[in-house]
Amino acid sequence: MSGGFNEIHPEPTTFWSKYIISFDHKVIAKQFLWYGIFFLGLGGMMALLIRWTLAYPGVPFPVIGNILFPDSAGIVPPDSYAMLFTMHGTIMIFYAITPILIGAFGNYCIPLMIGARDMAFPMLNMLSFWFAFLSGVVLLISLGLPLGAAAGGWTSYPTLSTLIGQPGLGQTLWSLAIFLFGISSTMGAVNYVTTVITLRAPGMGYFDMPLTIWGLWLTAILNAIFVPVLGAGVILLMLDRVFGTTFFLAGASATAGNGDPVLFQHVFWIFGHPEVYILILPAWGIVSDLLSFFSRKPAFGAKATALAMTAVTILSTLVYGHHMFTTQMSPLLTQSFMTLTMTISIPSAIFFANWLGTIWKGSIRFDSPMLFSLGVVFVFGLGGLTGLHLGTVTTDLYLHDTYFVVGHFHYTMAASVLLGGFAGIYFWFPKMFGKMMNEMMAKIHFWGTMIGLNGVFFGMLMVGYGGMHRRIYNPFIYESLQRLIPINTFITLSAIMMGAFQIVFVINFFYSLKKGPKASQNPWEVGTLEWTIPSPPVHHNYDVIPVVKCGPHELGNPNLKNGRDFQYQTEELVQG
Amino acid sequence: MRRSEIQHGLGMTMVLISGTMLFATLLMGYAIYRTSATAWPPMGTEPVNVVLPLLSTLTILFSSYFMHQTRVQFADHKKAKMNLDTTLCLGILFMGIQMLFWNELKSSGLLVGSGIFSSVLYGFTWIHAAHVVLGLCSLVWLRLVFKPATRNLDVKLLNVEKFWHFLGAVWVIMFLTLFVL
């Protein structure tokens, strides 16, 4: 069905229709980017508050502590601590990573990289952003409530999240916000899947799509299928909280029937495990492409990478039970989930080997997007390996709910996705805004982030292995954990350092936006479709819909004669 | 097939997959409640009177039939419009019967907070009803644009029809599992 239904929509003229209620995928992508960066900052501040409390229990948080917690003289109080880690998780996953990786890159890259003029359903796209916006507003309002925002963990297990554990309105608003965000994600997913299937440029088969598009497409499929599962869960949670139903409240089974708190965990993780891959797949796709672009050679086994990502997508729907080994699951089930979980190693190892194969003997250009991509290869390797200990029942029973888990999922979901997101921002910034970012500052940002992040998350793996439990306000009241105070201080200092280096990024971003040198049409010298048009692209992207004649990674072909080491996807493959 | 038909059809398919997952999750929960309960309905609770749910099932089935007829008689615009009007009326009637049903539950002493049995009855029918409201909105929208000159009217009709049949199918499954079984 390539070729598409590509109308040229009239260009909006008023400020309102151009920047606010815009139907243009490029504008919506930028809206999602601002939205995501705002929440990334907020979630990051929360992380620093959490880390401060763990390293210096009972010491007031510097500078803003007195403003935030006037009643406790600037010390983070225990209830606020629970709220902080809950909201940190929620914000980072739903309001920072999802908008940046899926909302911003998905909207920006999909039509441009497949040669379309816009998304399949531009209005749905606009609604998707404004539902996300509404959801964000609801979440922010919940932060200002007298009893505080949700504090039952980002997983919101009952009974912590029922009226017994959370009497305030915060948890209800949390459920509402997540539901609204789910609507937004589903709308986006419907749009992305349809766009990729129907609007590919003539000649572009599925394996001619850049791997970025593969990642985003698989993500969208998972979103459409599994976000509604969480939707159902949070609706029932809301009914429990507002109307007094007892879906997740255990009662006397003979007379009242029996609600089931563990059911929420099942529902949550049926969604939650695919969600992990929803977050990481776009980053995998971006990294797979960028490694090839900056190694100046074709992506090694690109087809195998695409199929391996598909295999992971399918397997990801079958392994959710490994989050629940400690909920008295039958050994038969835990063993089955363990086996399925271990099976994911196979496709993961395939594309990981392909990444290494791609950079092997390449003439690597160490530009900032490449540095961040190599960073992803490193941190995702570590994250994947630590996953083995958690997927195995025997070791997970000991490591469950320790900082080892926190370290592991931060390596996979936070570190990999963050670095992948930065790689994407540095790579597509010239196309998005028509300006180049400062390369020196980008490299400083990379090394600061990379060193800081490994200090934080490797430290977490160590204290977790040492037995430190997550979600405890002051773990050091346990004598056995007191020897972990120095490592915790080290983690916190690393976190502060990492946070400080993000200021370099923000300065670079806004300075380049205003004063950066003008970007050429193709500053990175790669051949995918978005680089065949001016930076930034015109409103309708392509004056003439391009015809695709070769794959996205045709770099370093020895037969190329015209002084370039790459060819555009619109050019016939050069043969000897 | 025309491009718009494929594109919008695919979009609607994705919406229906999402909707299916939402209701499948609810039914999975129901299966667990039902199988883990020692008695269903719990001791001391009378089984629900199925007359009103049966009526609403018939209503939504008839409305689905007329929705189908709208497309079958699409060539005859007047007839098609009448069928669409009938669908809309039956849809509203369905909501009316659901409200009577909730009132009946309430007057029989089965309140929302009376335990998991009533939680399932109220919660699931509410969630379904909320989707029926969405379906009714799309029917009203379709009715407003139902003019021969409207571009791609057949595609719009087909997709609204799919959504409406989906709501009917979900209700039939709910009726069979919650009230008959």
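Because the structure is a prediction, the values reported are computed rather than measured. In this numbering scheme, every chain counts its residues from 1 along its sequence in written order. Labels are handed out in written order, letters beginning with A for the chains and numbers beginning with 1 for the ligands. Thresholds applied to this predicted model are a pLDDT of at least 70 for local features of residues and 80 or more for the giving and counting of side-chain atom pairs; totals over whole chains, interfaces and linings are not thresholded and use all residues. The basis for every side-chain value is the complete set of non-hydrogen atoms in the structure, without hydrogens or water.

Peer 1: Please clarify how the overall build of chain A should be interpreted in this entry.
Peer 2: Each helix corresponds to a stretch of at least 4 residues labelled H or I by DSSP, and each strand to a stretch of at least 2 residues labelled E; elements are numbered beginning at the N terminus. Counting its regular elements, chain A contains 16 helices and 0 strands. As a reference, a globule follows 2.2 Å times the number of residues to the power 0.38, and the radius of gyration itself is taken over C-alpha atoms. Whereas a compact globule of 576 residues would reach a radius of gyration of roughly 25 Å, chain A reaches 24 Å, a difference of no more than 12%. Dimensions of chain A, computed from C-alpha atoms along their principal axes, come out at roughly 75 × 50 × 50 Å. Within the span of chain A, comprising 576 residues, buried residues form 60% of the whole. Should any heavy atoms of two residues lie within 4.5 Å, those residues are considered in contact. Across chain A, every contact between residues at least 6 apart in sequence was considered, and the portion connecting residues at least 24 apart equals 79%. The Shrake-Rupley method, run with a 1.4 Å probe sphere, supplies the accessible areas, and residue values consider only the shown protein chains as cover. By element, 72% of the accessible surface of chain A is carried by carbon and sulfur atoms, the whole surface being about 20900 Å². Across chain A, the 24 positively charged side chains and the 23 negatively charged ones have centroids separated by 8 Å. Residue burial is assigned from relative accessible area. The probe radius is 1.4 Å, only protein chains are included, and a residue is buried under 20% of its type maximum, exposed over 50%, and partly exposed in between. None of His or the chain ends enter the tally, which takes Lys and Arg as positive and Asp and Glu as negative. By convention, charge coordinates are those of NZ in Lys, CZ in Arg, CG in Asp, or CD in Glu.

Peer 1: Looking at this structure, how should I read the environment of Arg143(B)?
Peer 2: All names here are of chain B. Relative to the assigned elements, Arg143 resides in helix H4 (residues 116-144). Each C-alpha atom, one on Arg143 and one on Asp85, is 7.7 Å from the other, the two residues being 58 residues apart in sequence. Not counting chain neighbours up to four residues away, the residues in contact with Arg143 comprise Lys81, Leu84 and Asp85. Any pair of nitrogen or oxygen atoms within 3.5 Å is treated as a polar contact; in protein, a donor-acceptor pairing is required on top of that, and neighbouring residues in sequence qualify only through side-chain atoms on both sides. A polar contact of 2.5 Å, which involves the side chain of Arg143, links it to the side chain of Asp85.

Peer 1: Sorry, what's going on with the interface of chain A and chain B here?
Peer 2: A common way to report how large an interface is uses the accessible area buried once the components associate. Across the contact, 41 residues belong to chain A and 36 residues belong to chain B. Put simply, buried area is the surface a 1.4 Å probe can reach on two separate parts but cannot reach once they are joined, added for both. For the pair chain A and chain B, the summed buried area comes to about 3200 Å², and 73% of that belongs to carbon and sulfur atoms. Each reported salt bridge corresponds to a side-chain nitrogen of Lys or Arg within 4 Å of a carboxyl oxygen of Asp or Glu. Across the chain A-chain B interface, the total number found is 0 salt bridges. At the junction of chain A and chain B, the tally comes to 5 residue pairs in polar contact (both at pLDDT 80 or more). Among the secondary structure elements, those contributing two or more residues to the side of chain A that touches chain B are helix H6 (170-198), helix H7 (211-242) and helix H8 (261-295) of chain A. The greatest single-element share of the side of chain A that touches chain B, amounting to 10 residues, is contributed by H7(A).

Peer 1: Explanation requested: the environment of Ile221(A) in the structure shown.
Peer 2: Mapped onto the secondary structure, Ile221(A) falls in helix H7. Considered as a pair, Ile221(A) and Val193(A) are 28 residues apart in the sequence and their alpha carbons are 6.5 Å apart.

Peer 1: Looking at this model, I keep getting lost on a nonpolar patch on the surface. Mind explaining?
Peer 2: Residues and elements named next belong to chain B. Residues enter patches when their relative accessible area tops 30% and they take part in no salt bridge; the joining distance is 9 Å for like charges and 5 Å for the nonpolar side chains Val, Leu, Ile, Met, Phe, Trp and Tyr. Taken together, the side chains of Val51, Leu54, Leu55, Leu58, Leu61 and Phe62 present a nonpolar region at the surface, about 540 Å² in accessible area. Structurally, Leu54 is set in helix H2 (residues 51-72). Residue class for Leu54 comes out partly exposed when judged on its relative accessible area of 41%.

Peer 1: I tried to follow the packing of H6(A) against H7(A) on my own but got confused; where do I start?
Peer 2: Any two packed helices are characterised by the angle at which their axes cross and by the distance between the axes. Residue and element names in this part refer to chain A. At a minimum axis separation of 7 Å, H6 and H7 run at an interaxial angle of 155 degrees. With respect to H7, the axis of H6 lies roughly antiparallel. H6 and H7 meet at a crossing whose hand is left-handed. A per-class count over the contact of H6 with H7 returns 21 nonpolar, 8 polar and 1 charged. Each axis is a line fitted through C-alpha atoms, and for a helix only the stretch in contact is used; angles between axes span 0 to 180 degrees, taken between their N-to-C directions. Note on terminology: angles under 35 degrees are roughly parallel, angles over 145 are roughly antiparallel, angles of 65 to 115 are roughly perpendicular, and the others are oblique. Crossings are classed by handedness, with left-handed meaning an anticlockwise turn of the near helix from the far one by less than a right angle and right-handed meaning a clockwise turn. Side-chain classes are defined by residue name, with Ala, Val, Leu, Ile, Met, Phe, Trp, Tyr, Cys and Pro counting as nonpolar, Asp, Glu, Lys and Arg as charged, and the others, Gly among them, as polar.

Limitation: the analysis is restricted to geometry and does not speak to function.
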